[in-house]
Amino acid sequence: MEVRLAAVRWPSASHRAYTTPTASSCSSSSSSSRGSCSAAARLESAHVGATSAHYTTGRRALSALGLPALLANLRRRRIRWSQGAERAGSTCLCATAEARATGTKSTARRPSTNTAAPVRRAMRAEEYAKMKRQSLLDAAIVGAIGSLLVGLNSGPTAAAGFVVGIAFVTVYLLLLQRDVDSLSPGNTPFDLLNPLRILRFLLPLILVLVLGLQSSFTLGFDTWLDGLRWEPGANFTGFVTSPPALFSALLGYSLATLTLPLRGLADSAPEVRTLVKAVPGSLGVALRLTDEADSRKGESSEENHPVEVVPVLLVTGPRGCGKTTLANQLRQRDARFQAPEWVVTAQSSSTGVERKELISGTEFETLAEAGSLAVRYKRCGDDLEQIDLGLPAMAVLQAAAAGACVLDVDPPTARTLLGYPWQTLFNDAFPGRKVELRVIAVWVSLKTLDNVMERNRVRLEAQGLSTAAAQKQLKLLRTQATSDIEWALTSGNFDFTIFNEDEEAASAELDRAARYCFEDPF
Ligand SMILES: Nc1ncnc2c1ncn2[C@@H]1O[C@H](COP(=O)(O)OP(=O)(O)OP(=O)(O)O)[C@@H](O)[C@H]1O
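Residues numbered from 1 in each chain as written. Predicted model: local features only at pLDDT ≥ 70, side-chain atom pairs only at ≥ 80, totals over all residues.

S.K.: Explanation requested: the UniProt feature "transmembrane region" (unreviewed entry) in the protein in the structure shown.
M.R.: The positions that UniProt labels "transmembrane region" (unreviewed entry) are, in the present scheme, residues 135-152, 158-177 and 198-225. In residues 135-152, helix accounts for 100% and strand for 0%; the two terminal C-alpha atoms are 26 Å from one another. Secondary structure across residues 158-177 comprises 100% helix and 0% strand; the distance between its end C-alpha atoms is 29 Å. (UniProt positions renumbered as here; feature names shortened; annotations may be inferred. Helix = DSSP H or I, 4+ residues; strand = E, 2+ residues; numbered from the N terminus.)

Quick look at the structure:
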């Protein structure tokens with residue numbers, strides 16, 4: 001899938017250099033066109049926001065609910081699990097380690113909450129919730145029709161047995177749904193010792209026992225006991241004295257359970273639907289109409305409006321832990337990762353941003369008032385003058401046009417960036433298109449707060465600060481770092497945590513994390 005920033009239309013005319021790069025300006029290599037928009041980024045549409053250890057999306061549940069679909073998807077899912085485990089595992093482990101190191105209780109698990117990924121996740125969850133309802137509805141329909149037919153054919157005892165069978169299927173389905181809900185990299189369907197799973201597979205046996213119990217209550221225990229015989233043909237189980245109830249219950253149980261794989265088959269074997277569509281009569285017509293409506297819906301939503309992803313690699317963490325070093329190394333290794341161009345009101349070495357454009361204070365305010373700046377703050381310049389710095393939201397898109405935008409910022413700035421209404425911006429700027437920001441958030445830190453302080457102490461002393469001045473700064477840094485780490489652990493925004501004790505290893509870890517800008521782990 002491609003992100004064509006070439007087609008970006010910026011809504012506000014006041015956006016100076018950030019105004020719409022038109023199709024023609026894209027094809028020309030005008031230097032004023034800061035979009036580099038001829039470079040359409042090749043991206044895979046994906047949902048990386050969800051490192052969720054939970055395995056609850058509709059697509060995955062679809063596989064788990066139907067045996068044929070499960071077999072068909074087995075290989076793919078194994079890959080997904082291993083990828084999910086890699087990410088979720090590393091995040092959780094790191095978060096736990098950091099929590100231990102800092103004495104903070106970790107509630108951090110995963111995904112970024114700021115982007116459109118949650119919307120997609122919600123859609124999948126909705127799809128899954130629909131499937132859950134559908135399976136229960138299928139069982140209810142089979143129960144209603146089956147008990148009526150069985151009742152007419154074999155009497156009320158058999159009908160009651162059928163209803164009991166359906167009740168057990170309902171329990172089976174609820175257990176199955178609970179099982180699927182709790183699937184995670186650490187709890188795969190291959191774990192046969194899961195108590196709920198064992199209970200689920202023992203349900204038919206429990207059904208027979210319950211029928212026996214019911215029979216003993218109806219007949220009276222003594223009569224029921226007298227009737228217990230081990231005579232094949234006369235009393236099939238030796239417990240249940242009413243074969244019609246037993247057979248109907250098992251029939252109800254089997255039929256309703258069958259609806260699961262049948263629904264899976266119908267979905268995964270279009271030729272079955274095609275065959276049925278050829279059948280004259282209302283069923284064929286109904287199926288044809290349903291298919292036509294589905295394909296029209298698909299055309300309008302998927303083909304005409306593919307999801308265009310804007311990948312952003314957000315690298316943040318406490319001061320002095322090596323964010324900039326790692327981000328720069330990544331950009332040097334891989335040209336797909338680009339830093340955005342910030343706007344500043346004065347040139348200064350203290351701005352801390354590499355790419356910046358000088359604009360006037362008035363222009364800065366205009367951008368800020370138009371809501372075009374994803375983040376803005378003030379810095380002290382070389383001559384102690386106040387400098388305004390801002391990151392135009394459009395600059396993030398433009399940097400991502402080469403592949404992915406790398407944002408190396410401190411935690412408060414990261415927080416502001418994550419809170420920026422990106423989706424509203426995309427909806428306004430790209431009407432009729434589905435554009436999503438995919439933030440891969442990486443927390444760069446050290447294993448303990450003391451290590452963080454030591455790294456900063458070395459840096460401050462290397463800058464020539466006296467011990468007293470360094471101590472003063474370190475005190476402020478400790479307070480800030482503590483609050484930053486607490487935010488990282490509790491916000492659930494971070495996909496990866498990297499402890500930058502060893503630069504080479506940390507670089508390799510950042511490489512692995514950065515890969516998710518272009519890959520779909522699910
Ligand atoms: N793995 C490492 N081991 C030792 N020193 C490192 C390591 N990584 C970076 N450094 C050093 O730590 C210092 C701070 O690095 P860097 O500027 O990249 O950190 P930062 O997190 O971006 O800091 P800031 O938040 O102040 O911008 C630099 O002097 C850098 O050389």
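S.K.: Please clarify how the nonpolar core should be interpreted in this entry.
M.R.: Inside soluble globular proteins, nonpolar side chains tend to come together where they are buried. Ranked by internal contacts, the top residues of the largest apolar core, which has 64 residues, are Val312, Leu313, Leu314 and Val442. Here this core gets eight residues from one element, more than from any other, and that element is strand S10 (residues 434-445). Beyond its immediate stretch of four places on either side in the chain, Val442 contacts Leu313, Leu314, Val315, Phe494, Asp495, Phe496, Ile498, Leu510 and Ala513. Ranked by size, the runner-up nonpolar core spans 24 residues in total, among them Ala139, Val150, Ile166 and Leu246. (Core = buried A, V, L, I, M, F, W, Y, C linked by C-beta atoms within 7 Å. Buried ≥ 20, exposed ≤ 12 C-beta atoms within 10 Å, placed from the backbone. Contact = placed C-beta atoms within 7 Å.)

S.K.: Would you mind going over the packing of helix H16 (residues 449-462) against helix H17 (residues 467-491) with me for this structure?
M.R.: The axes of two packed helices give the description: the angle between them and the distance between them. Across the interface, H16 lies against H17 with an axial gap of 10 Å and an inter-helix angle of 145°. Judged by the sense of rotation from one axis to the other, the crossing of H16 with H17 is right-handed. Only Ala470, Gln473, Leu474, Leu477, Arg478, Ala481 and Thr482 of H17 make contact with H16, whose side of the interface consists of Leu449, Val452, Met453, Asn456, Arg457, Leu460 and Glu461. Looking at the contact of H16 with H17 residue by residue, the class counts come to eight nonpolar, three polar and three charged. (Axes fitted to C-alpha atoms, helices over the stretch in contact; angles between N-to-C directions. Left-handed = near helix turned anticlockwise from the far one by under 90°. Nonpolar A, V, L, I, M, F, W, Y, C, P; charged D, E, K, R; others polar.)

S.K.: Looking at this model, I keep getting lost on the sheet that holds S10. Mind explaining?
M.R.: To summarise the sheet geometry, strands pair through backbone hydrogen bonds and adopt either a parallel or an antiparallel arrangement. Pairing within the open sheet is parallel, and its five strands lie in the order S4-S9-S3-S10-S11. In this open sheet, the two edge strands, each paired with only one partner strand, are strand S4 (337-338) and strand S11 (496-499). Pairing of S10 with S11, which is carried by four bridges, proceeds in the parallel orientation. Bridged to Val444 within S11 is Ile498. (Pairing = 2+ DSSP bridges.)

S.K.: Looking at this structure, how should I read the site of the ligand?
M.R.: Close contacts around the ligand come from 15 residues, with Gly322, Lys323, Thr324, Thr325 and Glu503 the closest. Elements that contribute at least two residues to the shell around the ligand include exactly helix H11 (323-333), H16 and helix H18 (503-514). At three residues, H11 tops the list of elements feeding residues into the shell around the ligand. A class-by-class count of the residues in the shell around the ligand yields two nonpolar, six polar and seven charged. (Near = placed C-beta within 6 Å.)

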